[in-house]
Amino acid sequence: MRRRRLRIALLALPALMVGSVLIATPSAGADPAGGRSTLENADEARSVRIELTGSAMLNKVTDAGFDVEHGLERVPNGIEGEAMVTADQVAELKALGVRILGDGEGFAWPEVADGGLATSFAARSAAPLAAQQDTVRVVRADWFTTKGQGFLYVEARTTEGQQADPIVGMQLENDSGKATPWGYARTMSRFVDSGQYMFHRNLFKLAARPHQIKVTSSTGGVAIGTVSDWLEGAPPPLTENPGYKSNFVDSYRNPQQLYARAEEIAEQYPDIAEIIYLPNRTNGYQRKAQATIGGTGQSAVVVDSAAWGHEGGNDITVEFVDRPGADLPLGVEVTGKAIRVLLAKDAGGALASTAAEVSAALETQSQGLVDRAHPYRTNTGTGIVAATPGPVALTDFLDQKRVGAPEGEVPRGPKTIPVLRIGKHRDGSRPGVLIQAQDHAREWVPATTSLESAERLVHNYKTDKETKKIVNDTDVFFILSNNPDGANYSFYNNASQRRNMTNHCPDENDDPARRNSWGVDLNRNYRVGSGFDGYDGASFSCTSDTFQGPAELSEPESKNIIWLVEKYANIKFMMSVHSNGGQLFWQPGAYIADGRITTPRPPLGDEAFYWQSAGRILSQVKAYRQTVVTPENVGGSSDVLYSSAGNVREDLYNTYGIFAFGWEVGGSVYNPATGNWQGGSFQPAWDGDPNLVSGHSETMEYANGIMEMFRIAAEWGKDKKDPTSTLVPGGGTFSRPVGVHFETDEPATIYYTTDGSRPTLESPRYEATEFREPGEVIQVTTTTTFQWFSVDVAGNVENNYDPDKNKGKGFNKATITIVD
C-alpha cells in the first residue's frame, strides 16, 4: 500500500486590523489647545515606567497617542511597561488613570518564601488528596538556570479561580529533591486578563533543583506536579562546530545597507542564492511639504503641497499679504511656486479673511500646487488670519535629522523590497522558511539578526556539514526589512517610529506637528482576527501606534507577504522577528475583549510541535551567553503578551497552514551582579556590555535560534515516519468509572469516535484540558469503545490509515468495559 501523507486543513477566518502613537509638535504659530500636548522632536522624549489596570486602559492610552506598545509585562495589578513621554505628557498619563512608577517601584517576584496562605487554612488543607484533585491542576513547573542561578517557574489552575468575592488564593511549596520534605511555602500570583481568570503563577530563585511541587488552594484543593527542565542540556549550537564562521554583522544597518548586502550575497553565491523582488512598492520615504500659517487656534491654516516634498513641494512658498486699502476681496496669486494669498479687508480696512475662507481659496486657486488646506486640528477656522512677515516655505521636514542620526541622505520615493532566497533546490521541492524582520521600524536588532543568519548559511555551506544539510534541505526566504520607509525614518528622523510612513489621517490630524504620529502598524493590517471584526489590540485612530490602516491589507508591505506565500506555496514555516520583549509566541494572537474570545487555538498536535520547537530554538539562544526566555513568555501571544488583532502570524497559520512564530528578541537578561533581571531596549548600544544589554550580543544569540529553526524545518521536510498513539490505561474491564487519555510518541493530533463509527478527519478531535495544558482526561462511566488514529505535523497518518475512504481498517480500537 502506498504511504499516505496528509496536511490537516485549517480554518480560514475573515480579515481584520489595529492601532497606537507618539505625537510631534505643531509648527510655529499653531496652537495645540484643541489636542493633547506634543513633542517638537521625538528625541526629547524619555522612558518612564508605568502601571496600567489592564488591557482596556492600555487601549485607551495608545489611542490617546502614547507610545507604550512594547516592553509590557503582565503583573497582578494589571500591566507594567514603558512610555516614551515628555515631562508635560506625564500629567496627561496621570489624568488617564495611569500610575507612574518611581525607582524601585512596580511588581517584582518575591525573593523569599512568604509563608503561603494563612495559618488558619492549614487544617482544611489536610483533606485526602484524591477528593481534591479535580479542583487544582498544575499546568507547568519548569526549572532553569542562567549565569549560575537556578529558578523555578510554576503555573497552576483552580476550577474556582474566576471567583472574585472572595478571591481564591493558591499556595506553592516545593521539595529540595527526591524524598525530601515540602517547604518554602509562598503565595502564588493570580493572573486575570480581560476579566477572565487565566491561572496562578510564580517565578523565584532556588539553590537546588526540586523534584516535585505542591499547590494548595484556599478552598481545599491540592495538586502535586513533577518539575521539568526548561532549556537545560541542549546540544551545542552550530557556532561550536570546528571551523564554523559567524560574527559577520558589526553594526546596525539601515534598509539601503541591508538590501545592498542581500543583492551582493545573491551575486556572490548564485548556486545557492537569488533575489526575488516583491511586486508592491512601498509608499515611500517621502512626505508632502507642509506648514501651519496665519496665527494660532481658530486662525491657523494647515497647508499641504500636491507634490511630494522632494518632487517640488519643498520649493513652494506661501505668503499671507496685508494690502493697503479697505473693502478688498480675498484673492490668490501664483507666480511659479510662490503663492501669495491676498487677504480680504473690511470697510474699516481691517483684515477680514477667516482660516476657513483662506483654506478654501488655497485649495481652489493655487493652480494645483496645494493638495490640502484646512483649519488647524478640530477648529472650524472662524478666526481672522494674520499676515505673514514674508513668504513661508513649505517643507517635508525630512531634512531635519534627529540627534545622533547617521551620516548620508536617504533616497526618496517608493522602494521595491528584495527577498533574499537561499537554498540549493529553489524549485518548491523543499520546505520553505520565511524570516520577516522589522515590521516595526524602530526594532533594529531583528534586521541584523536576520542578516547574520543569512551570512552564516552562505559562508558555511561548503565547509560545515550541518549548514550544508540546511541549505540542501530547506528553501529560506529572508525579508531583512519589511518596513524600509519607517526604518529610514527611525534611523534619520524619529528613533521611536514604529509604523510605516503613510499618512491616512483626515484634516484634524494632518498638520505637521502630527508627523511622528502617522503611519500604519503593519502587524495589525492582516485579515484574520482583525480589529475590523471586533478583536482587541488594534486601533481605528490614525495617530495610534497600533493603527490598523483604513482596511485590511491596505498597505503594500502586507500585500507583499500574502503574495509571497501564495506564489511560493512550499513556505511552511515563518518567523516574524520583533524586539524587545524577550518572548516567543504563536496562535492565538488576538481576542474579543468581551468574554476574552480568542481566535482558534491550534490543535493539540500543532500546539505540542510549537512548544517542542520553542524549546529547541530557545536552547540555542541560551547557548551563546546564558540568556533565558522564561516559560511565562512562551506560548500563544494573546496569553503571554496581549491581544494584537490583525497580526501576520494569525493570517498565515489559519489561512495557509504555515507554522507562524512571532519572536520578540532582546528583553530581560539576568544580572548576577545585582541579582535582578535587567530590561533591554529597541536600539541597545551595539557594543554594550556583552553579558547584559548589547545589540551585538542579541544579534548573535538570536541568530543561533534562527539557525535551529532551519534545522527543524529540514527535519520536518524529511519526516516520513508515522506517529503512534495509545489510549491510557487502555482497553480492559473496570469495576468503577475511569478516566482515560491519549498519548502520542511525537506531536500529533488525534481524531476519535465513541459511537462505533469509523474515525475520519471530521470526527471529534482530542483537545487540551485547557490552554497551556496537556490532553484532557475523558471520564468513562459506561462501557465505551474508542476508535481513533493520529496525524503528525508533517501530515503522516498513523498505520498509513486513509481517513478519506469509507472503508478500510488501520485505525486503533480499545474498549473500556465498566461492570458493577
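Thresholds applied
- Residues numbered from 1 in each chain as written.
- Predicted model: local features only at pLDDT ≥ 70, side-chain atom pairs only at ≥ 80, totals over all residues.
- Heavy atoms only, no water.
- Salt bridge = Lys/Arg side-chain N within 4 Å of Asp/Glu carboxyl O.
- Helix = DSSP H or I, 4+ residues; strand = E, 2+ residues; numbered from the N terminus.
- Buried < 20%, exposed > 50% of the residue type's maximum accessible area, 1.4 Å probe, protein only.
- Disulfide = S-S within 2.5 Å.
- 1 Å grid on protein atoms, 1.4 Å probe; cavity = no way out; pocket = protein on both sides within 12 Å on 5 of 7 lines; lining within 4 Å.
- Points joined across faces, edges and corners; volume = space filled by probe spheres on them.
- Pairing = 2+ DSSP bridges.
- Polar contact = N/O pair within 3.5 Å; in protein donor to acceptor, adjacent residues only side chain to side chain.
- Axes fitted to C-alpha atoms, helices over the stretch in contact; angles between N-to-C directions.
- Core = buried A, V, L, I, M, F, W, Y, C linked by side-chain atoms within 4.5 Å.
- Contact = heavy atoms within 4.5 Å.

1. Quick notes on the pattern of salt bridges
A full pass over the atoms with the stated rule returns 50 salt bridges. Where Arg442 meets Asp545, a salt bridge forms, and the shortest distance between an N and an O atom there is 3.8 Å. Placement of Arg442 in the loop between strand S23 (432–437) and helix H5 (445–460) and of Asp545 in the loop between helix H7 (484–492) and helix H8 (556–567) is noted, with a sequence separation of 103 residues between them. When sorted by exposure, Arg442 lands in the same class as Asp545, which is buried. Between Arg765 and Glu767 there is a salt bridge, with its nearest N and O atoms 3.8 Å apart. Given a relative accessible area of 29%, Arg765 falls into the partly exposed group. Counted as one network, the salt bridges with shared partners bring together Glu466, Lys469, Arg616, Glu708, Arg711 and Glu715.

2. Comments concerning the state of the cysteines
Here, the word disulfide means a covalent bond between the sulfur atoms of two cysteines. According to the stated counting rule, one finds 1 disulfide in the structure shown. Residue Cys505 pairs covalently with Cys542 via a disulfide, S to S 2.1 Å. Its S-S torsion of approximately 115 degrees makes the covalent link between Cys505 and Cys542 right-handed. Linking Cys505 in the loop between H7 and H8 with Cys542 in the loop between H7 and H8, this pair joins segments that are 37 residues apart in sequence. Residue Cys542 is classed as buried on the basis of its relative accessible area, which comes to 8%.

3. So, empty space enclosed by the protein
A full pass over the atoms with the stated rule returns 4 cavities of 30 Å³ or more. In this structure, the second largest cavity occupies an estimated 50 Å³ of space. In terms of residue count, helix H12 (residues 695–718) provides more of the lining of the second largest cavity than any other element does, 4 residues in total.

4. Description of the pairing of S23
Burial analysis of S23 places 6 of its 6 residues in the buried class, the great majority of the element. Residue alternation in S23 divides its side chains into two sets, Gly432, Leu434 and Gln436 and Val433, Ile435 and Ala437, and both sets are buried. Sheet topology note: the S23/strand S24 (residues 475–479) ladder contains 5 bridges and is parallel. By the bridge assignment for S24, Gly432 is matched with Asp475. Here 6 bridges tie S23 to strand S25 (residues 571–586), and the two strands are oriented parallel to one another. For Ile435, the partnering residue across the bridge sits in S25 and is Met575.

5. Digging into the pairing of S24
Residues in a regular strand project their side chains so that they alternate between the two faces of the sheet. Counting buried positions over the 5 residues of S24 gives 5, a clear majority of the element. What you see with S24 is no split at all: Asp475, Phe477 and Ile479 on one side and Val476 and Phe478 on the other are buried throughout. Relative to S24, strand S22 (residues 418–422) runs antiparallel, the two being bridged by 3 bridges. Following the sheet pairing, Ile422 is matched in S24 by Val476.

6. Focus on the layout of surface pockets
Estimates place the volume of the second largest pocket at around 1200 Å³. Contributing to the lining of the second largest pocket are 40 residues, with Val139, Thr769, Glu773, Pro774 and Gly775 lying nearest its centre. Within the residue set of the lining of the second largest pocket, elements represented by two or more residues are strand S5 (136–146), strand S12 (222–226), helix H9 (604–625), strand S34 (738–744) and strand S35 (748–753). Among the elements that make up the lining of the second largest pocket, the one with the highest residue count is S5 (7 residues).

7. Remarks on the side chain of His440
Topologically, His440 is positioned in the loop between S23 and H5. Within the structure, His440 has its side chain in polar contact with the side chain of Asp521 (distance 2.7 Å).

8. Some details on the sheet that holds strand S11 (residues 212–217)
By way of backbone hydrogen bonds, the strands of a sheet pair with one another, either parallel or antiparallel. Spatial ordering of the open sheet is given by S8-S7-S11-S12, a layout of 4 strands whose pairing is antiparallel. Each of the sheet's edge strands pairs with one partner strand only, and the pair in question is strand S8 (183–187) and S12. Each strand axis lies, on average, 20 degrees off the axis of its neighbour in the sheet, ignoring direction. Judged from the 5 bridges that link them, strand S7 (residues 170–174) and S11 form a sheet pairing that is antiparallel. Directly across from Asn174, in S11, lies its bridge partner Ile213.

9. Quick word on unusual backbone geometry
Following Ser579, the chain continues to Asn580 via a peptide bond in cis, the omega torsion being 5 degrees. Within the secondary structure, Asn580 sits in strand S25. In this structure, the amide linkage connecting Val728 to the following residue, Pro729, adopts the cis form with an omega of 15 degrees. If you trace the backbone, Pro729 turns up in the loop between strand S32 (725–728) and strand S33 (732–734).

10. A look at the nonpolar core
One finds Leu420, Phe478, Trp663 and Phe710 to be the most contacted residues of the largest nonpolar core, which totals 101 residues. Here the element with the most residues in this core is H12; it accounts for 8 residues. Ignoring anything within four residues of it in the chain, the contact list for Phe478 reads Pro418, Val419, Leu420, Ile422, Ile435, Ser450, Ser453, Ala454, Leu457 and Phe710. Ranked by size, the runner-up nonpolar core spans 22 residues in total, among them Ile293, Val301, Leu369 and Val385.

Shape descriptors only; they carry no functional weight alone.
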